Structure formats: structure tokens, C-alpha cells
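Topology and contacts: notes
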Amino acid sequence: MDFITSCPEYPIDEWINHVKGCNILPEADFSKLCDLMKRILVEESNVQPVSSPVNICGDIHGQFYDLLELFNTGGDPSEISYVFMGDYVDRGHWSMETISYLFLMKAKYPGRITLLRGNHETISISNTYGFYQEAQEK
């Protein structure tokens, strides 16, 4: 599924610039982003093909600045694929920013970013380790 990187309904590039500064999106914009992610992910198969070269990344756990460094070191997603193995949230201080940025990268580069669900992307674990609380507060 091809997506426009920026349009009035989904200003992806504007949102990326905002979130890259370690800012959270306003609730209405984050809700739109989640709706867009649902549309993208529902189109993907359970077994997702990944083109090489590829960087495989795991257990970011809300470490937003480490995520930015992964992209800085690993290369531009317009040229290289990424597989994220889950556990994007909890433990770190910037889980909302981390998941927002990953969603935005997936929206901008749907064929280059693969997001797998880890055990921290479940209700019970995110309630236990802090993501649910962070989402409510931010």
C-alpha cells in the first residue's frame, strides 16, 4: 500500500519534525496516526517479506534517543530496510515519543519498516511496566 508522505489529513513530514524533537503529538493527531497505522497494518500479511540490506533492531523500551541513533547509524529508511522486533515501550522515559516516531517511519516508508509486536505491546505488560500510565499522563 502506497501512502502520501504529507497531505492535509496526514501531515506526516510535519509530524515527524515535531516528534523528532522529543515532543508528543496532540491527542487528535495521534489518534489520526493510529487510524492510519491500522489501515497500513491490516494490508500486511502475517509473513512479511523484507528486502535487503536490512537492519534488525530489538527492545527499544522507550529509549527515544537510542532510536534516533539507530536511524542515524543504520541509514536512511528510504534506502535500507528495518525490522523492529517489538518491545518499543515501557521502562524508558519516552515510550509515547518512541512509538509515535516508529509509526511515522512506518507511514512514510511502509515497504521499508517492519514492526513486530513484542510482549510489551500487550495490555497486561504495558499496565505493569508503565506505558499505560505514561500514555494517560502525556
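Residues numbered from 1 in each chain as written. Predicted model: local features only at pLDDT ≥ 70, side-chain atom pairs only at ≥ 80, totals over all residues. Heavy atoms only, no water.

1. With respect to the overall build of the protein
To be explicit about the condition: To qualify as a helix, a DSSP run of H or I must reach at least 4 residues; to qualify as a strand, a run of E must reach at least 2; elements of each kind are numbered from the N terminus. Between buried and exposed lies partly exposed: a residue is buried under 20% and exposed over 50% of the maximum accessible area for its type, with that area taken using a 1.4 Å probe on protein chains only. Pairs of residues are marked as contacts when any of their non-hydrogen atoms sit within 4.5 Å. Using the Shrake-Rupley algorithm and a 1.4 Å probe, accessible areas are obtained, with residue cover drawn only from the displayed protein chains.
From N to C terminus, the protein includes six helices and three strands. What you see in the protein, going N to C, is helices and strands ordered as α-α-β-α-β-α-β-α-α. Within the protein, the fraction of its 138 residues that count as buried is 41%. Across the protein, every contact between residues at least 6 apart in sequence was considered, and the portion connecting residues at least 24 apart equals 79%. Here the protein displays about 7700 Å² of accessible surface, and carbon together with sulfur accounts for 51% of that area.

2. Some remarks on the packing of aromatic side chains
The cut-off we apply is this: Any two rings among Phe, Tyr and Trp, with Trp reduced to its six-membered ring, count as a pair given centres within 6.5 Å; such a pair is stacked if its planes are under 30 degrees apart, edge-to-face if over 60, and tilted if neither.
For the structure shown, the criterion picks out seven aromatic pairs. Seen from their ring centres, F71 and F84 are 5.8 Å apart, and the 50° between their planes marks the pair as tilted. Of this pair, F71 sits in helix α3 (residues 64-74) while F84 sits in strand β2 (residues 81-84); the two residues are 13 residues apart in sequence, bridging distant segments of the chain. Taking the relative accessible area as the measure of exposure, F84 reaches 0% and is therefore buried. One aromatic cluster in this structure is built from F64, Y65, F71, Y82, F84, W94 and Y101.

3. A word on the confidence of the model for the protein
Selection criterion: A residue's pLDDT is the predictor's confidence in that residue, given on a scale from 0 to 100.
Per-residue pLDDT for the protein has a mean of 86; in total, 86% of the residues score no lower than 70. The least confident element of the protein is helix α5 (residues 123-129), whose mean pLDDT is 67; the most confident is helix α1 (residues 12-20), at 96.

4. Brief notes about the packing of α1 against helix α4 (residues 95-108)
Selection criterion: Note on geometry: axes are C-alpha line fits, over the in-contact stretch for helices, and angles between N-to-C directions span 0 to 180 degrees. With respect to orientation, any angle under 35 degrees is reported as roughly parallel, any angle over 145 as roughly antiparallel, any angle of 65 to 115 as roughly perpendicular, and every other angle as oblique. By definition, any crossing whose near helix is turned counterclockwise from its far helix by less than a right angle is left-handed, and any crossing with a clockwise turn is right-handed. As a working rule, the residues Ala, Val, Leu, Ile, Met, Phe, Trp, Tyr, Cys and Pro are called nonpolar, Asp, Glu, Lys and Arg charged, and the rest polar, with Gly in that last group.
The geometry of α1 relative to α4 is characterised by a closest axis approach of 10 Å and an angle of 150° between their N-to-C directions. By the criterion of interaxial angle, the relationship of α1 to α4 is roughly antiparallel. Here the hand of the crossing between α1 and α4 comes out left-handed. In this structure, α1 contributes I12, D13, W15, I16, V19 and K20 to the contact, and α4 contributes E97, S100, Y101, L104, M105, A107 and K108. When its residues are assigned to classes, the contact of α1 with α4 shows eight nonpolar, one polar and four charged.

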